[in-house]
Every structure is written in C-alpha cells, then in structure tokens.
Amino acid sequence: MKHLLSTRDLSRTDALAILDTAEQMAAVSQREVKKLPVLRGRTVVNLFFEDSTRTRISFEAAAKRLSADVINFSAKGSSVSKGESLKDTAQTLAAIGADAVVIRHGSSGAPARLASSGWIDAAVLNAGDGTHEHPTQALLDAFTMRRHWARLHGTASTGTDLTGMHVVIVGDVLHSRVARSDLWLLRTLGATVTLVAPPTLLPFGVESWPCEVSYDLDAALETRPDAVMMLRVQGERMHSAFFPSVREYSRRWGFDDVRLRRLDTLGLEDTILLHPGPMNRGLEISSRAADSPRATILEQVSNGVSVRMASLYLLLAGGNTPAATATLENAQ
C-alpha cells in the first residue's frame, strides 16, 4: 500500500495485515517503554482542517511511539485562514520533507486528491473526509470487534476475520463517514451488517449497499446482534430538520436504559456496544449504557493507537517485507 484512503479499497489480505500488525503494536503498548525505533528519522504531519480530539491525539501518539518526528498543523491560525489552497499547503509540507500526511478535511475526496495530485511524494492517510470515509476508525472498530469475537470463540485474534458476526449500526448514517467505512470493512471481513435509522438519515441509494436496512431499532435488536454501533447525531452538518425533536429521536433510535435492559431480557449477555465518539449522552446513547460493562468506547480509543501505529508502520517501513517484519520482531 502507498496510501490509506478508504476501506472500500482494502482487500481482505490488506485488512488482516493491518489488524494483525496492530496486535503486535498493542503488545508494545503494554510494555513499560512503549516506543519502537522503526520510524526514527521519518516525519509525520497531522494536517487537520476540521476540529478533532481523539483522532489527532491518537495519530500523534502512534507516530511518537514509532519514534517518528511529528508536526501538528491546524487550519485555524494558519495561512489556510488567509486563503491558502490545499496545493500550496501540500507543497509547503513537501518542502519540509514530510514522509506521511495524516489529513482530515471537510470536503469528501480531499485526501484522494492530495494522494493523486503529485503535489507531494508522501504517504497519505485519510483521517476523515467530509461524509465520505474514516478508514482508521473502521479499522479500530473492527480490531475491537475481532478481539471480542475471538474471546467468545476461544481463539486467537491474529489471522482471523469476522465471519458469522452480525453488527447493527444505528443513527445518523447520512452524515457519517464512520458508518460507510465500517460497512465496507466489516463486509470484507465476513460480517453481516444492518443499518438502522430514520428514513431522513439514510443516504440516497442505500438500498444498493451490501447490508440490511431497518427503521426500527427494537426490531433490529430482536435479530440478536453481536455488536451494536451507535453513531453520533451530527448536528453541525444538519441545515434542516431531519427528525421532529431530540426527545423523539432518543425515544425511537437512541440506546437508552430500557434497551440496555432489553439485551439482558433477550439473553444477549455477550453483545457489545460501540461508539466512535464524541458522544451526545442522552441523545444517541444514555449514560448508563455508555458506562456499562458492555460498552467498549474507551477500549476503542486505546485500540486506535495500535491500529494507527500499524498503518503508519506498514506505509512508511514497508512492514509486509521480511526485512521490516524482522526489524519489528527484534525491536519488541
């Protein structure tokens, strides 16, 4: 791989290579000294045109644990606010010797444009573009689900996929890049997916996607899912009324205390809850559900560092070669 732009482009082999490498990185993160020298001398630029906490900090921690030099760039307070184009920004980064650019942008397709433009000769990692995709979020979600699935079946995570797993993704699918990336990746790994949302929050053409579609969360829970992913309601992207009221949305499509108890009633003691964050507590998920033993939200954050370490390593160190693999094993 030269870039990581979309989960739709990932083969099963590539996806498993990232997840398996992330398992090695997770082992490193458990050590007293959490650093590897594999990217020493490389420069990673976090190029964020949109606000972010988890993704930016996670990529920064990942790069530093691999001993890379990190430059954090925020559009606010930069020449972008004066009208500088993406091309000029990219050429500036090329001039300072960036080896990888982690980009978050409000426009769908911006990372792909950067990767294919020839403006910069660096690996490009998509950290979220518009309502298009967020591949490393999907990878960390899959990593979290795979570990849970492996524990349930008494097998090792490494080398296994998600065949037989049923995942329900609930909420603002229309504006969610996470939902799209999760869907493509989960299907590649063998899981079945059901999208649940009000009709107004489902994208045009969703009936052609490789998933089931439902408008009823309670009915979806009756299908006995193994994992439920709650999506954030993205009010900042909504310029009209997509549902009658916050109370109505929470009652019909939020994972509240009643639905939390419903999982117990259905005997789904092994069903986990995920959320990409940040959460709107009381809207798409109740505090009791978010803080319950079923929730993997903080585990997702921790796993995100491992997945992003793996992504950077595979792109910058050619981690699928025998020499690079030996370097990683020796460093551990």
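For the protein chain, an unreviewed UniProt entry supplies the name Aspartate carbamoyltransferase and the organism Arthrobacter gengyunqii. Per UniProt, the protein chain carries the Function (unreviewed entry) text "Catalyzes the condensation of carbamoyl phosphate and aspartate to form carbamoyl aspartate and inorganic phosphate, the committed step in the de novo pyrimidine nucleotide biosynthesis pathway." For the protein chain, the Pathway (unreviewed entry) comment in UniProt is given as "Pyrimidine metabolism; UMP biosynthesis via de novo pathway; (S)-dihydroorotate from bicarbonate: step 2/3."

Undergrad: Would you mind showing me how to read the pattern of salt bridges here?
TA: For the structure shown, the criterion picks out 14 salt bridges. We note a salt bridge from Asp218 to Arg259, for which the minimum N-O separation is 2.9 Å. With Asp218 in helix 7 (residues 217-222) and Arg259 in helix 9 (residues 257-265), the pair connects residues that are 41 residues apart, well separated along the chain. You can call Asp218 partly exposed: its relative accessible area is 38%. The class for Arg259 is buried, based on a relative accessible area of 5%. A salt bridge links Arg259 to Asp256; the nearest nitrogen and oxygen atoms lie 3.9 Å apart. For Asp256, a relative accessible area of 21% puts it in the partly exposed group.

Undergrad: Help me understand unusual backbone geometry, please; the structure alone is not making it clear to me.
TA: Leaving glycine aside, a negative phi is the common case for residues, and trans is the common case for peptide bonds. Following Gly277, the chain continues to Pro278 via a peptide bond in cis, the omega torsion being -10°. Mapped onto the secondary structure, Pro278 falls in the loop between strand 9 (272-274) and helix 10 (287-290). With a phi close to 70°, Ser67 is a non-glycine residue in the positive phi region. Looking at where Ser67 falls in the secondary structure, it is placed in the loop between helix 2 (54-65) and strand 2 (69-74). For Ser67, a relative accessible area of 16% puts it in the buried group. Its identity is not glycine, yet Arg224 carries a phi of approximately 65°, on the positive side. Summarising the element assignment, Arg224 is placed in the loop between helix 7 and strand 8 (227-230). For Arg224, a relative accessible area of 44% translates into the label partly exposed.

Undergrad: In this structure, what is going on with the environment of Ala179? I would like to understand it.
TA: Along the chain, Ala179 turns up in helix 6 (residues 177-188). Note on Ala179: relative accessible area 1%, which makes it buried. Between the C-alpha atom of Ala179 and that of His132, which follows or precedes it by 47 residues, the distance is 9.3 Å. Those residues within four positions of Ala179 in sequence are excluded, and the remaining contacts are Ile169, Val173 and Leu231.

Undergrad: What is the right way to read the nonpolar core from this model?
TA: Note that soluble globular proteins tend to have their nonpolar side chains buried in a common cluster. In terms of nonpolar packing, the biggest core is built from 92 residues, with Leu66, Ile169, Phe255 and Leu312 touching the most fellow members. Counting residues per element, this core draws most heavily on helix 11 (residues 297-316), which supplies 10 residues. Setting aside anything within four residues of it in sequence, one finds Leu312 in contact with Leu39, Val44, Phe59, Ala62, Ala63, Leu66, Ala100, Leu125 and Ala317. Counting residues in hydrophobic clusters, the runner-up holds 17 residues, among them Leu86, Ala90, Val101 and Leu114.

Undergrad: Got a minute to help me understand the sheet that holds strand 7 (residues 212-214) in this structure?
TA: Across a sheet, strands are paired by hydrogen bonds formed along the backbone, either parallel or antiparallel in direction. Pairing is parallel across the open sheet formed by 5 strands, whose spatial order is 7-6-5-8-9. The open sheet is flanked by strand 7 and strand 9, the only strands paired with a single partner. Shown here is a sheet whose adjacent strand axes are inclined to one another by a mean of 20°, direction ignored. Bridge count between strand 8 and strand 9: 3 bridges; the pairing is parallel. Among the inter-strand pairings, Val228 is bridged to a residue of strand 9, identified as Leu273.

Undergrad: Is there a simple way to think about the side chain of His134 in this case?
TA: Relative to the elements of secondary structure, His134 occurs in the loop between strand 4 (123-129) and helix 5 (135-153). Engagement of the side chain of His134 in a polar contact is seen with the side chain of Thr55, the distance being 3.4 Å. When near neighbours in sequence (up to four residues on either side) are disregarded, His134 contacts Thr55, Arg104, Asn126, Ala127, Gly128, Arg177, Val178, Ser181 and Arg308.

Undergrad: Explain the packing of aromatic side chains to me, please; I cannot follow it from the model alone.
TA: Given two aromatic rings, their pairing is described by the distance between the two centres and the angle made by the two planes. Applying the stated rule across the entire model yields 3 aromatic pairs. Taking 6.2 Å as the distance between ring centres and 55° as the angle between the ring planes, the aromatic pair formed by Phe49 and Phe73 counts as tilted. Of the two residues, Phe49 is situated in the loop between strand 1 (43-48) and helix 2 and Phe73 in strand 2; the sequence distance between them amounts to 24 residues. Under the relative-accessibility criterion, Phe73 is labelled buried at 18%. Of note, Arg8 hangs over the ring of Trp184, and the distance from its end group to the ring centre comes to 4.1 Å.

Definitions and limits used
- Residues numbered from 1 in each chain as written.
- Predicted model: local features only at pLDDT ≥ 70, side-chain atom pairs only at ≥ 80, totals over all residues.
- Heavy atoms only, no water.
- UniProt positions renumbered as here; feature names shortened; annotations may be inferred.
- Salt bridge = Lys/Arg side-chain N within 4 Å of Asp/Glu carboxyl O.
- Helix = DSSP H or I, 4+ residues; strand = E, 2+ residues; numbered from the N terminus.
- Buried < 20%, exposed > 50% of the residue type's maximum accessible area, 1.4 Å probe, protein only.
- Contact = heavy atoms within 4.5 Å.
- Core = buried A, V, L, I, M, F, W, Y, C linked by side-chain atoms within 4.5 Å.
- Pairing = 2+ DSSP bridges.
- Axes fitted to C-alpha atoms, helices over the stretch in contact; angles between N-to-C directions.
- Polar contact = N/O pair within 3.5 Å; in protein donor to acceptor, adjacent residues only side chain to side chain.
- Phe/Tyr/Trp six-rings, centres within 6.5 Å; stacked < 30°, edge-to-face > 60°.
- Lys NZ or Arg CZ within 6 Å of the ring centre and 35° of its normal.

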